[in-house]
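One letter stands for each residue in the lines below.
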Amino acid sequence: MKILSASHIRDLDKYTIQNEPISSLELMERASLSFVEWLINKFDKINKTIVFCAIGNNGGDGLAISRLLLEREYQVQTFILHDAKSNPTDVEINLKRLKKIILVQDIYNETDIPDIDSDSIVIDAIFGSGLSRPITGIAAQVVHSINQSKATVVAVDIPSGLYVDTYNPNTTIIEADFTVSFQLPKLSFLLPQNARYVGEWHITDIGLHADAIEKARTSYYYTDASIVKSLVKKRDKFSHKGTFGHALLVGGSYGKMGAAILATRSCLRSGIGLLSIHIPACGYEILQTSAPEAMAMVDKEEKLISDIDIPDLTKYTAIGIGPGIGTASQTAEGFKRLLEQASKPLVIDADGLNLLSEHKEWLTLLPEESILTPHPKEFERLAGKTANEYERLDVLKKFCSDYKVNVVLKGAHTAVANAVGDIYFNSTGNPGMATGGSGDVLTGIITSLVAQSYQPFKAAVLGVYFHGLAGDKAAASKGYTALIASDIIDCLPQAFIEFGL
Ligand SMILES: NC(=O)C1=CN([C@@H]2O[C@H](COP(=O)(O)OP(=O)(O)OC[C@H]3O[C@@H](n4cnc5c(N)ncnc54)[C@H](OP(=O)(O)O)[C@@H]3O)[C@@H](O)[C@H]2O)[C@@H](O)CC1
Ligand SMILES: Nc1ncnc2c1ncn2[C@@H]1O[C@H](COP(=O)(O)OP(=O)(O)O)[C@@H](O)[C@H]1O
Ligand SMILES: [K+]
């Protein structure tokens with residue numbers, strides 16, 4: 001799915017109105033109906049709804065939503081804030097329609113703001129994608145009253161106060177429990193700093209014109225099942241193990257062999273043809289017993305990786321390095337030598353990233369198209385601090401372009417970025433995956449896909465998606481609390497099977 005900017009969304013609405021064709025009033029009706037259907041479906045019991053509208057189109061949605069709920073015999077109280085200047089015709093029509101069946105109460109000043117019962121559902125239709133400046137005045141007071149109430153808050157399209165795709169330093173923003181948004185996800189929903197405003201978000205289809213969505217230019221995407229289907233390659237009947245590449249993983253140290261084993265097992269479960277592992281000598285028996293399908297090569301050092309003296313590096317179709325290697329000086333030397341010798345893209349995680357942060361001059365040694373998989377702290381060490389997460393996306397793009405690499409910035413909606421500025425946000429995964437070893441599992445999956453000759457950026461996008469999907473399947477049986485990284489590996493088969501792989 002594409003993620004579009006506020007101005008693109010406006011163009012999309014316009015194009016749909018002109019070309020479907022459909023009147024803007026009818027489109028507002030469709031959006032409002034989709035919201036009401038979602039609401040009724042979500043809540044078994046709705047005591048009372050309180051709808052707050054301003055006089056833009058988002059408010060127009062709120063008025064139509066009020067009418068549709070009333071027609072379905074729900075108890076509705078509707079308030080209209082008189083602060084915003086414009087009053088588009090569709091909103092006026094909806095206001096007239098609503099005023100025939102209910103008293104719409106005006107809010108001009110603080111005394112007009114109602115008490116909000118904790119058992120009511122507040123529908124936030126104050127501002128939508130047209131918000132152009134921070135909320136002040138009476139609207140700000142309404143936002144504070146809603147946030148202070150204990151009612152369940154459901155935002156229409158976007159929580160009022162949040163910008164679609166840029167940072168708002170002002171914190172007068174609705175803190176919604178749920179956000180029901182139209183057609184496409186918005187960039188702001190995907191950034192952790194906005195989680196408290198957006199709550200659980202859902203997208204409803206309002207039939208915006210498919211051609212216009214197809215033509216809209218964007219660098220942001222939301223990786224969903226349809227993108228994944230377009231990227232995966234099925235196995236040919238006459239394929240053999242040579243078809244699926246030979247991966248090399250470099251990982252482990254004394255006390256951290258588990259990280260290497262997790263990456264090994266996930267690499268094996270992601271379709272690799274052959275897998276070799278370079279480990280410290282102490283890990284030999286551990287590896288051979290826990291992953292007999294993999295071939296072990298031991299370092300001359302007992303407890304850590306040192307020279308990474310691997311003959312004929314070119315025979316490997318992908319190399320992953322990092323899980324559990326530590327940052328000892330001998331390991332750093334070996335790591336640097338691998339950077340100098342490798343000619344194909346590397347997958348670099350964990351301590352591999354920490355070594356790069358300690359030796360930034362090595363970044364220029366990275367083979368083009370390499371994949372780095374930092375979590376936010378690791379990325380900060382590599383690329384520096386940013387004031388907010390919107391700015392971090394700019395830094396992410398610049399970093400990828402400067403070093404011609406792909407970066408997998410891990411999180412709830414992991415962002416996979418490439419050197420030309422595309423960023424794919426992941427749609428799968430859950431908080432149960434916030435557990436030691438999850439990242440090592442991801443390294444194994446991505447290394448496996450690169451080795452199978454997926455273009456590195458696509459391998460990263462797919463790897464992140466399947467990792468999250470396996471995590472979701474694991475959570476379905478284990479829950480969030482008990483989930484461990486091995487459960488993700490155990491559920492990889494189900495995740496691949498879902499896509500006929
Ligand atoms: N277009 C369509 O067909 C469809 C649209 N849909 C719905 O429309 C929503 C977008 O509608 P919208 O563009 O009218 O924007 P909205 O956010 O309601 O308000 C903008 C108004 O508020 C004003 N204003 C801005 N900031 C302000 C502030 N801080 N304090 C005070 N005022 C402020 C701004 O004034 P201005 O910036 O022009 O000065 C303008 O007058 C979208 O989210 C979705 O819900 C759906 O029905 C599907 C079909
Ligand atoms: N709340 C969450 N929702 C979805 N995925 C998550 C969540 N928390 C963590 N993950 C995923 O789990 C993995 C954790 O990786 P990382 O931080 O490197 O952990 P570790 O180093 O312990 O392996 C990442 O792929 C991340 O996207
Ligand atoms: K809103």
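Residues numbered from 1 in each chain as written. Chains lettered and ligands numbered in written order. Predicted model: local features only at pLDDT ≥ 70, side-chain atom pairs only at ≥ 80, totals over all residues. Heavy atoms only, no water.

Asks: Would you mind showing me how to read empty space enclosed by the protein here?
Replies: Picture a little ball the size of a water molecule; that probe, rolled over the atoms, points out where space is still empty. Scanning all chains against the criterion turns up one cavity of 30 Å³ or more. Along the walls of the largest cavity sit Leu313, Thr314, Tyr316, Ala318, Ile319, Gln341, Ala342, Ser343, Lys344, Pro345 and Leu346, which together make up its complete lining. Taken together, the residues of the lining of the largest cavity sort by class into seven nonpolar, three polar and one charged. (1 Å grid on protein atoms, 1.4 Å probe; cavity = no way out; pocket = protein on both sides within 12 Å on 5 of 7 lines; lining within 4 Å. Points joined across faces, edges and corners; volume = space filled by probe spheres on them. Nonpolar A, V, L, I, M, F, W, Y, C, P; charged D, E, K, R; others polar.)

Asks: It is not clear to me how the coordination of the potassium ion (ligand 3) should be interpreted in this structure. Could you clarify?
Replies: Metal coordination angles have textbook ideals: 109.5 degrees for a tetrahedral set of four donors and 90 or 180 degrees for an octahedral set of six. Taken together, Asn58 (OD1), Asp124 (O), Phe127 (O), Val156 (O), Ile158 (O) and Ser160 (OG) make up the protein donors of the potassium ion (ligand 3), found 2.6 to 3.2 Å from the metal. Geometry at the potassium ion (ligand 3) is irregular, judged from its six donor atoms and the angles of 63 to 174° they form at the metal. Spacing between the donor residues of the potassium ion (ligand 3) along the chain follows N-x65-D-x2-F-x28-V-x1-I-x1-S. Taken together, the residues span a long stretch of sequence, with Asp124 in strand S4 (residues 120-125) and Ile158 in the loop between strand S5 (152-156) and strand S6 (178-182) at a distance of 34 residues. Exposure remark for Asp124: the relative accessible area of 0% places this residue in the buried category. (Donors = N, O, S within 2.8 Å, 3.2 Å for Na, K, Ca; no water. Tetrahedral: all angles 85-135°; square planar, octahedral: opposite > 155°, others 65-115°. Helix = DSSP H or I, 4+ residues; strand = E, 2+ residues; numbered from the N terminus. Buried < 20%, exposed > 50% of the residue type's maximum accessible area, 1.4 Å probe, protein only.)

Asks: Which parts of the structure should I look at to understand the pattern of salt bridges?
Replies: A side chain of one charge can pair with a side chain of the opposite charge if their charged atoms are brought near each other. Inspection of every chain in the model, using the stated rule, returns 17 salt bridges. Of the charged contacts, one joins Asp157 and Lys186 as a salt bridge, the two residues approaching to 3.0 Å between their closest N and O atoms. Here the residue Asp157 occupies a position in the loop between S5 and S6, and Lys186 occupies one in the loop between S6 and helix H6 (195-198), the gap between them amounting to 29 residues. A residue is classified by how much of its surface remains accessible, and Lys186, at 2% relative accessible area, is buried. Taking the shortest distance from any N to any O, the salt bridge between Asp307 and Lys300 comes out at 3.5 Å. (Salt bridge = Lys/Arg side-chain N within 4 Å of Asp/Glu carboxyl O.)

Asks: Sorry, what's going on with the site of ligand 1 here?
Replies: Inspection of the region around ligand 1 gives 24 residues, with Asp61, Gly128, Ser132, Arg133 and Asp157 positioned closest. Within the side chain of Asp13, one N or O atom sits 3.1 Å away from a nitrogen atom of ligand 1. Contact with the protein chains hides 84% of the accessible area of ligand 1, taken as 940 Å² for the molecule alone. When each cavity is represented as a set of grid points, ligand 1 is found to reside in the largest pocket. Those elements giving two or more residues to the shell around ligand 1 turn out to be helix H1 (6-19), helix H2 (24-42) and helix H3 (57-71). Partitioned by chemical class, the residues of the shell around ligand 1 number 11 nonpolar, eight polar and five charged. (Near = heavy atom within 4 Å. Polar contact = N/O pair within 3.5 Å; in protein donor to acceptor, adjacent residues only side chain to side chain. Areas by Shrake-Rupley, 256 points an atom, 1.4 Å probe, with all protein chains shown as cover. Sits in = over half its atoms within 2 Å of the grid points.)

Asks: I tried to follow the sheet that holds S5 on my own but got confused; where do I start?
Replies: Two orientations exist for strands paired in a sheet by backbone hydrogen bonds: parallel and antiparallel. The seven strands are arranged S3-S2-S1-S4-S5-S6-S7 in an open sheet whose pairing can be described as parallel. The sheet terminates laterally at strand S3 (104-107) and strand S7 (200-204), the two strands that pair on one side only. Within this sheet the neighbouring strands show an average axis-to-axis angle of 20°, counted without direction. As paired elements, S6 and S7 share five bridges and run parallel to each other. Of the residues in S7, the one forming a bridge with Thr179 is Trp201. Running at roughly 145° to S6, H2 makes contact with S4, S5, S6 and S7 of the sheet. (Pairing = 2+ DSSP bridges. Axes fitted to C-alpha atoms, helices over the stretch in contact; angles between N-to-C directions. Contact = heavy atoms within 4.5 Å.)

Asks: Honestly, the packing of aromatic side chains in this entry has me stumped. Any pointers?
Replies: Here a ring pair, both rings aromatic, is described through the centre-centre distance and the interplanar angle of the planes. If you walk through the whole model with that rule in mind, you get 17 aromatic pairs. On the basis of an interplanar angle of 20° and a centroid distance of 5.5 Å, the ring pair of Phe52 and Phe79 is categorised as stacked. Within this pair, whereas Phe52 is found in strand S1 (residues 48-53), its partner Phe79 is found in strand S2 (residues 76-81), the two being separated by 27 residues in sequence. Residue Phe52 shares its accessibility class with Phe79, and that shared class is buried. Measuring from centroid to centroid gives 6.2 Å for Phe335 and Trp362, while their planes differ by 45°, and the two rings are tilted. Residue Phe335 is found in helix H11 (residues 329-341), and its partner Trp362 is found in the loop between helix H12 (350-358) and strand S14 (371-372); the two are separated by 27 residues along the sequence. Take Trp362: its relative accessible area is 8%, and that puts it in the buried class. Here the aromatic cluster, defined as three or more aromatic residues joined through ring pairs, consists of Tyr465, Phe466, Phe496 and Phe499. The cationic tip of Lys233 hangs over the ring face of Tyr454; the distance from NZ or CZ to the ring centre is 4.5 Å. Against the face of Tyr254 rests Lys303, its NZ or CZ located 4.5 Å from the ring centre. (Phe/Tyr/Trp six-rings, centres within 6.5 Å; stacked < 30°, edge-to-face > 60°. Lys NZ or Arg CZ within 6 Å of the ring centre and 35° of its normal.)

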